[in-house]
Structure formats: C-alpha cells, structure tokens
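Here is how the chains run, residue by residue.
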Amino acid sequence: MKILVTAGPTREHLDPVRFLSNRSTGRMGFAAAAAAAERGHEVTLVTGPVALDTPAGVRRVDVVNAREMLEATRRGLAGNEALVMAAAVADWRPKVCEAVKVKKSAMLPVIEIEPNPDILKTLLPLKGERVFVGFAAETGDPAAEARRKLYEKGLDLIVANDVSLPDAGFAVETNRVTLFGRDAEPVTLPLLSKLEVGRALIAWIEGKAKR
Ligand code: CTP
C-alpha cells in the first residue's frame, strides 16, 4: 500500500526565534512509518521539527507549522491509500508572526492567538476509500475522548493513550494504547515499544484494506 504518516509537533512562530509548540518528539509517528516501510509499504512521512533519523526507505517531507503540515498532507493524500495522523498539531498560533526578533523591551505581556485548522477534519471530504487513523493523547478519560474524536473526525481507527502515564506518551520509547475502531470492541494492547505499536496499527490497516 501507499501510506502517508504525519509526525512530531508543529511550531507556531511569534518571531524568527520564538514559538508555541508542545512536547511531541515525533517518536510514535516515526515508529509507525518504520513499521509500514518494514512491511514493504511505500511511505511518505510529513514531519514537524524533530531530532530523529528518517527510517530506512521512507520519503520525508519537513514542515514547521500547522498550515504547512495541512498543505503537505493535502498534497500527499491524492497518491496514498491510508493516512496515519500521529502528529501533535498545535491547535493555536499567534495572530502575528514578526519578521525580525522582537526586542524584550517591546514584548507585550499577552500573546494573541487564533485557531489552526484541524487537519483531519479539513481533509475528511477528500477521504473517499482511504483508511484514516488518528491518535488521541489524553490526560483525562482516554476512552470517552477517543470515541468522540473517532466520530467527529470521521476516522476508521483511533489510537488512544494516556500521556500522563510515565511509560506512555511524550518522549519515551514505549506506549500503552487502546485501539478504537468503528465496528468492533476496543482493543487494549500491553505495554509495547512504539515500533511494536506501529506494527499493530499497520497490521490493522492491512486488515481493513482487505475487507
Ligand atoms: N489533529 C489534526 N489537526 C489539528 C489537531 C489535531 O489533524 N489541528 C489530529 C491529530 O493528529 C490526532 C487527532 O487529530 O490524530 C486528535 O488530536 P488531539 O490533539 O488528541 O485532539 P484535538 O482535536 O486537538 O482535540 P482536544 O484539544 O479537544 O483534545
């Protein structure tokens, strides 16, 4: 199959040196891309700024902010049969991005922000027969939030994890996830490496594509 994966955080710049972002390191998305390439799929990886090596055999597209990620993902969608949206897209961006570094003396105490587009919701009308997989990083009630996002974002599968656990979520090599599909009971996987979680979700996509 041809699979498009997104990974990492986005950075929403205030000026050339300052930005709003989040704790994502890109590990889960890179692991999903590696797992897909390992199975012989043709993989395109759209990634925000991360400090990770590109997995072997994967075509990488680097972006910085959410709008760039949306455009790169939109462009990639046409030629791909599945989208794995593992990126932690910043929901907000500063209203203004200055072209030169703002002097500390000129800095205002309040940063005005505006919402970024929701990439999955924006691309939903283009989904067609493609398989869409999302992630839900939660610190509250992962199951309820995952189900809400599964339907609101029109996904086939959502991978939910509780990022408040020490062995799941940001900047660790392992993850504890539950897979929520539309037509089956949720499946909770044991503590796994992110590569193994990636393999499980690629296996799910392969199964879905056959059905
Ligand atoms: N996502 C997206 N575009 C955004 C934000 C999120 O496509 N602007 C995708 C993520 O890549 C992920 C899924 O939506 O696959 C869920 O992301 P999450 O951050 O958990 O949810 P949000 O939509 O940001 O919702 P909330 O802030 O209510 O948790």
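Description of the structure in this document.

Moving on to the environment of V159. Tracing the backbone through its elements, the reader meets V159 in strand β10 (residues 157-162). On the basis of relative accessibility, which here comes to 0%, the residue V159 falls in the buried class. In this structure the C-alpha to C-alpha distance between V159 and A143, which are 16 residues apart in sequence, comes to 9.9 Å. With near-sequence residues (within four places) excluded, V159 lies in contact with V133, G134, F135, A136, V177, T178, L179 and L201.

Below, the discussion takes up the side chain of D156. In this fold, D156 is placed in the loop between α4 (142-152) and β10. Looking at D156, its side chain comes within polar contact range of the side chain of K127, at 2.9 Å. Here the side chain of D156 touches F132 through a polar contact of 2.8 Å, landing on its backbone nitrogen.

In spatial order, the strands read β5-β4-β1-β6-β9-β10-β12-β13; together these eight strands make up an open sheet with mixed pairing. Two strands in the sheet have a free side with no partner beyond their single neighbour: β5 (58-62) and β13 (187-188). For strand β4 (residues 42-47) and β5, the ladder comprises five bridges, and the chain directions are parallel. In the strand pairing of β5, L45 is matched with R60. Together, β1 (2-7), β4, β5, β6 (82-85) and β9 (131-138) form the strand contacts of helix α2 (residues 66-77), whose direction differs from that of β1 by roughly 175°.

V5, V84, V133, V159, L201 and I205 are the most contacted members of the largest nonpolar core, which totals 31 residues. Elements with a minimum of two residues in this core: β1, α1 (27-38), β4, β6, β9, β10, β12 (177-181) and α5 (194-210). By size, the runner-up hydrophobic cluster in this structure holds 23 residues, among which are L4, V46, I119 and F180.

Now for α4. Residues of α4 that are buried include every one of A146, K149 and L150, and no others. On an axial view of α4, the arc spanned by its buried residues comes to 105°, and they lie on one face. Contacts from the buried residues of α4 go to β9, β10 and β12. Downstream of α4 by a residue or two, G154 has a phi angle that is positive, lying close to 65°.

Right, let's get into the environment of L165. Mapping L165 onto the fold places it in the loop between β10 and β11 (174-175). Look at L165 and you get partly exposed, because its relative accessible area is 32%. Distance from L165 to V133, taken between C-alpha atoms, is 22 Å for residues 32 residues apart in sequence.

Time to look at the pattern of salt bridges. Taken as a whole, this structure holds 15 salt bridges when the rule is applied. The partner of R199 in a salt bridge is E38, and the shortest N-O contact between them spans 2.7 Å. Of this pair, R199 sits in helix α5 while E38 sits in helix α1, and the two are 161 residues apart along the sequence. For E38, a relative accessible area of 46% gives the class partly exposed. Measuring nitrogen to oxygen at the nearest pair gives 2.5 Å for the salt bridge that ties E138 to K149. Taken together, the residues span a long stretch of sequence, with E138 in strand β9 and K149 in helix α4 at a distance of 11 residues. As far as the burial class goes, E138 and K149 line up, both buried. One salt-bridge network, held together by shared partners, links K121, E145, R148 and E152.

Looking now at the side chain of K153. Considering the arrangement of structural elements, one finds K153 in the loop between α4 and β10. Ignoring any residue separated from it by four or fewer positions in sequence, one finds K153 in contact with D118, L120, K121 and L124.

The next thing to look at is α5. For an α-helix, the turn length of 3.6 residues means that residues three or four places apart are oriented alike. Along its 17 residues, α5 runs 24 Å from first to last C-alpha, staying within 8% of the 24 Å computed at 1.5 Å per residue. Among the residues making up α5, those that are buried are K194, V197, G198, L201, I202, W204, I205 and E206.

Calculation notes
- Residues numbered from 1 in each chain as written.
- Predicted model: local features only at pLDDT ≥ 70, side-chain atom pairs only at ≥ 80, totals over all residues.
- Heavy atoms only, no water.
- Helix = DSSP H or I, 4+ residues; strand = E, 2+ residues; numbered from the N terminus.
- Buried < 20%, exposed > 50% of the residue type's maximum accessible area, 1.4 Å probe, protein only.
- Contact = heavy atoms within 4.5 Å.
- Polar contact = N/O pair within 3.5 Å; in protein donor to acceptor, adjacent residues only side chain to side chain.
- Pairing = 2+ DSSP bridges.
- Axes fitted to C-alpha atoms, helices over the stretch in contact; angles between N-to-C directions.
- Core = buried A, V, L, I, M, F, W, Y, C linked by side-chain atoms within 4.5 Å.
- Arc of directions from axis to C-beta.
- Salt bridge = Lys/Arg side-chain N within 4 Å of Asp/Glu carboxyl O.
- Expected span 1.5 Å × (residues − 1).

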